[in-house]
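Fold and contact review
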Amino acid sequence: MKHLLTTQGLSKGDAILLLDTSAQMAATQSRENKKLPTLRGRTVVNLFYEDSTRTRISFETAAKRLSADVINFSAKGSSVSKGESLKDTALTLHAMGADAVVVRHSASGAAHQLAHAGWLDAGVLNAGDGMHQHPTQALLDAFTIRRHLVGNVGEDGRGTDTSAGADLSGLRVAIVGDVLHSRVARSNVYLLHTLGAEVTLVAPPTLVPVGVETWPCRVSYHLDETLEQWQPDAVMMLRVQRERMSGGSGSFFPSPMEYSRKFGFDARRLAVLPDHSIVMHPGPMNRGLEISAAAADHPRSVIVEQVANGVAVRMAALYLLLAGTDAAGTDERNTL
Amino acid sequence: MNPGSRMPESSPPSSTDPSADPSILAARTVLGEADIARALTRIAHEIVERNKGAADLLLLGIPTRGVQLARRLAERLAEIEPAFNGEYGTLDVTMYRDDLRRQPTRAVGQTVLPGSLDGTIDDKVVVLVDDVLFSGRTIRAALDALNDLGRPRVVQLAALVDRGHRELPIRADYVGKNLPTSRSERVRVRLADVDGGVDAVVISAASTTPASMTPASTGESGGAR
């Protein structure tokens, strides 16, 4: 693996390798000394054109736990505000010798452009590009699902993860909410499908993207019906992305109250689900809109654990992208 | 050096069939099943003798074959010293290696400490167990990995085969067999519970590796450096 840009087309073998490596990384994070020397001397640049708290901090933590040097770059307060293009920024990073670039950008495809335009020879990790993909979020969601529903770590997440090498076949995941604006939903649909899980998207018709029929999932417009009849093992709530809804929330649904009644997740809807089911949210949460406080803080909510797993998953991604020789080195080992 | 920590599942038992691999046609078995068993029994006695018992003893095997050797040593120690509980652990050194950037990405293995330890190795007598001691670089990585887990009272090293050619100032405390080799030769340890077939230590003169072969997958020591 040279880049991690999308979960669409990620092979099942690579996905399981990423999850297994994440499990090993997670095991090192319960030690007193959490730092590993593995990427000492490597430089990881966090190139963030969009605001982010947890993803940037998560990548920064992951890189530091592997002893890489981290340079944080946010568009605000940089030459981007003077009009510098992505290309010129990339050439600057190349000149400074970045080994990996973690990029978040509001334009879909920005990460792909950065990886394949020839501006950089660093590995590129997509940390969210527009409404396209957010692969490490999907991987941490899949990792959390696997730990809980395959690995039997128990409700407090402290048990031993026995899921190494396993996929998610037979599990049902409902992804609920603002699918239209969600790169998390897109990444999850493809990754969970690759890993063998069944996915149903639940959203009001206005928040279902055009072309969804080509995705490997089902679509429902009714949350209650899906929860009662389909009995999902995991429910993933999506944030209503009001900043991407031009003209305020009124243009996609009549009122926040109505959205909350029809598509918000609360304790009543949680009670309908099977006892082993888990509730997920990629954060940041709009409490009271897509998820109620009672559901978000419920023992079956794994939202805080998702954040912790994010560090392990990003350590795994950085390790697999940076630790070995370049892709051409596959045959080299035999001659060394 | 133990390249076997790379993707243990990728070692097909069929690779032990000499007819499938022309490079080991000239292979010579230097230790058979009974020799390996005797060597391990002797090492177990030496461990107890050197440490005056098995108090605070912790066997840590280095994947892949070191783990199975540690398990066998633990069984023997439990027979010799009834006070010993037969536990052993696994120490993965992948993320501490000094050759990560010279090799394709290795899969990270598992580090497992016996449950009775409560996650710490402080003040234990740690015996590292590996199959072949060669350059010493794997053991250097293991010492770094141990350092991150805690502060053992003593660290000792047991190796089934010491083939020489050290590149670092490291020696083994317990050796199954000293095997004088040339650098171009390859020493392979095959264990029934990892590779199938019968236990054996095989030495072969192969200096070049066919491109189709994955040297690290057969527990050999010499080709992959």
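Points about the overall build of chain B
From N to C terminus, chain B includes four helices and nine strands. From first element to last, N terminus to C terminus, chain B shows the α and β order β-α-β-α-β-β-α-β-β-β-α-β-β. Going through the 225 residues of chain B one by one, you find that 50% of them count as buried. Excluding contacts between residues fewer than 6 apart, the proportion of contacts in chain B whose partners are at least 24 apart in sequence is 73%.

Topic: the sheet that holds strand β6 (residues 198-202) of chain A
Residues and elements named next belong to chain A. With parallel pairing, the five strands of this open sheet are ordered in space as β7-β6-β5-β8-β9. Two strands close off the open sheet at either side, each with one partner strand: β7 (218-220) and β9 (278-280). This sheet shows a mean twist of 20 degrees between the axes of neighbouring strands, independent of strand direction. Bridge analysis of strand β5 (residues 172-176) against β6 gives five bridges, and the strand direction is parallel. If you follow valine 173 over to β6, its bridge partner there is valine 199. In this fold helix α7 (residues 223-230) packs onto β5, β6 and β7, with an angle of close to 155 degrees to the strand it touches most, β6.

Concerning the nonpolar core
Core analysis: the largest hydrophobic core is formed by 159 residues, its most contacted members being Val101, Val176 and Leu318 of chain A together with Leu73 and Leu128 of chain B. Each of domain 1 (12-133 + 308-327) and domain 2 (136-302) of chain A accounts for three or more of the residues forming this core. Every residue in contact with leucine 73 of chain B, bar those within four places of it in the chain, is listed here: Leu40, Ile43, Ala44, Leu59, Val129 and Ala158 of chain B.

Quick word on the sheet that holds strand β3 (residues 88-90) of chain B
Residue and element names in this part refer to chain B. What the five strands build is an open sheet, ordered β3-β2-β4-β5-β6; its pairing is parallel. Where the open sheet ends on each side, the last strands, each with one partner, are β3 and β6 (174-178). Strand-to-strand twist of the sheet, defined as the mean angle between neighbouring strand axes without regard to direction, takes the value 25 degrees. Packed on one face of the sheet, helix α1 (residues 33-51) meets β2 (57-61), β4 (125-133), β5 (154-162) and β6 and runs near 150 degrees to β6.

Looking at helix α3 (residues 137-149) of chain B
All names here are of chain B. Helix length check: α3 (13 residues) gives 19 Å between terminal C-alpha atoms against 18 Å at 1.5 Å per residue, within 8%. Where α3 is concerned, the buried positions are Thr138, Ile139, Ala141, Ala142, Ala145, Leu146 and Leu149. The arc that holds the buried residues of α3, viewed along the axis, is 155 degrees, so those residues lie on one side.

Some details on the environment of alanine 115 of chain A
Residues and elements named next belong to chain A. Relative to the elements of secondary structure, alanine 115 occurs in helix α4 (residues 110-116). Each C-alpha atom of the pair alanine 115 and leucine 5 lies 8.4 Å from the other, and the pair is 110 residues apart in sequence. Leave out the neighbours within four places in its chain, and alanine 115 touches His3, Leu5 and Val124.

Thoughts on unusual backbone geometry
Cis geometry is found at the peptide bond from glycine 283 of chain A to proline 284 of chain A, where omega equals -10 degrees. Inspection of the secondary structure assignment puts proline 284 of chain A in the loop between β9 and α10 (293-296). In this structure, the amide linkage connecting proline 63 of chain B to the following residue, threonine 64 of chain B, adopts the cis form with an omega of 0 degrees. Position of threonine 64 of chain B among the secondary structure elements: in the loop between β2 and α2 (65-80). Despite not being glycine, aspartate 56 of chain B shows a phi value in the positive range, around 60 degrees. Here aspartate 56 of chain B shows up in the loop between α1 and β2. Here histidine 165 of chain B, not a glycine, exhibits a phi torsion of approximately 65 degrees, which is positive.

A short note on the domain arrangement of chain A
Residue and element names in this part refer to chain A. Assigned domains within chain A: domain 1 (12-133 + 308-327) and domain 2 (136-302). A straight line from the C-alpha centre of domain 1 to that of domain 2 covers 25 Å. Taken residue by residue, the interface counts 22 residues in domain 1 and 19 residues in domain 2. Secondary-structure elements contributing two or more residues to the side of domain 1 that touches domain 2 are α1 (12-28), β4 (123-129) and α11 (303-322). Broken down by element, the residue count for the side of domain 1 that touches domain 2 peaks at eight residues, all from α1. Here the residues of the side of domain 1 that touches domain 2 sort into 10 nonpolar, seven polar and five charged.

Looking at the packing of helix α5 (residues 135-150) of chain A against α11 of chain A
Residues and elements named next belong to chain A. Viewed as axis vectors pointing N to C, α5 and α11 meet at an angle of 115 degrees, and their least axial separation amounts to 8 Å. Judged by the sense of rotation from one axis to the other, the crossing of α5 with α11 is right-handed. Residues Thr136, Leu139, Leu140, Asp141, Phe143 and Thr144 of α5 form the contact with α11, whose participating residues are Glu305, Gln306, Asn309, Gly310, Val313, Arg314 and Ala317.

Things to note about the environment of valine 199 of chain A
All names here are of chain A. If you trace the backbone, valine 199 turns up in strand β6. By the C-beta count within 10 Å, which is 24 here, valine 199 ends up buried. Expressed as a C-alpha distance, the spacing of valine 199 and arginine 218, which sit 19 residues apart in the sequence, is 6.4 Å. With residues near it in sequence (within four places) discarded, valine 199 still touches Val173, Ile175, Val189, Leu192, His193 and Cys217.

Quick word on the pairing of β5 of chain A
Residues and elements named next belong to chain A. Summarising burial for β5: five of the five residues are buried, a large majority. Here β5 shows two buried faces, one formed by Arg172, Ala174 and Val176 and the other by Val173 and Ile175. Regarding topology, helix α6 (residues 183-194) serves as the crossover connection from β5 to the parallel β6, and that connection is right-handed. Pairing geometry for β5 and strand β8 (residues 234-237), over four bridges, is parallel. Note on β8: the bridge partner recorded for alanine 174 is valine 235.

Notes on α7 of chain A
Residue and element names in this part refer to chain A. Buried within α7 are the following residues: Leu223, Thr226 and Leu227. The arc that holds the buried residues of α7, viewed along the axis, is 95 degrees, so those residues lie on one side. Exposed side chains of α7 directed beyond 90 degrees from the buried face belong to Glu225, Glu228 and Gln229. Buried residues belonging to α7 abut β5, β6, β7, α8 (256-263) and α9 (267-272).

What counts, and at which threshold
Residues numbered from 1 in each chain as written. Chains lettered and ligands numbered in written order. Predicted model: local features only at pLDDT ≥ 70, side-chain atom pairs only at ≥ 80, totals over all residues. Helix = DSSP H or I, 4+ residues; strand = E, 2+ residues; numbered from the N terminus. Buried ≥ 20, exposed ≤ 12 C-beta atoms within 10 Å, placed from the backbone. Contact = placed C-beta atoms within 7 Å. Pairing = 2+ DSSP bridges. Axes fitted to C-alpha atoms, helices over the stretch in contact; angles between N-to-C directions. Core = buried A, V, L, I, M, F, W, Y, C linked by C-beta atoms within 7 Å. Domains from an automatic or database assignment. Expected span 1.5 Å × (residues − 1). Arc of directions from axis to C-beta. Nonpolar A, V, L, I, M, F, W, Y, C, P; charged D, E, K, R; others polar. Left-handed = near helix turned anticlockwise from the far one by under 90°. Right-handed = clockwise from strand over helix to strand, strands pointing away.

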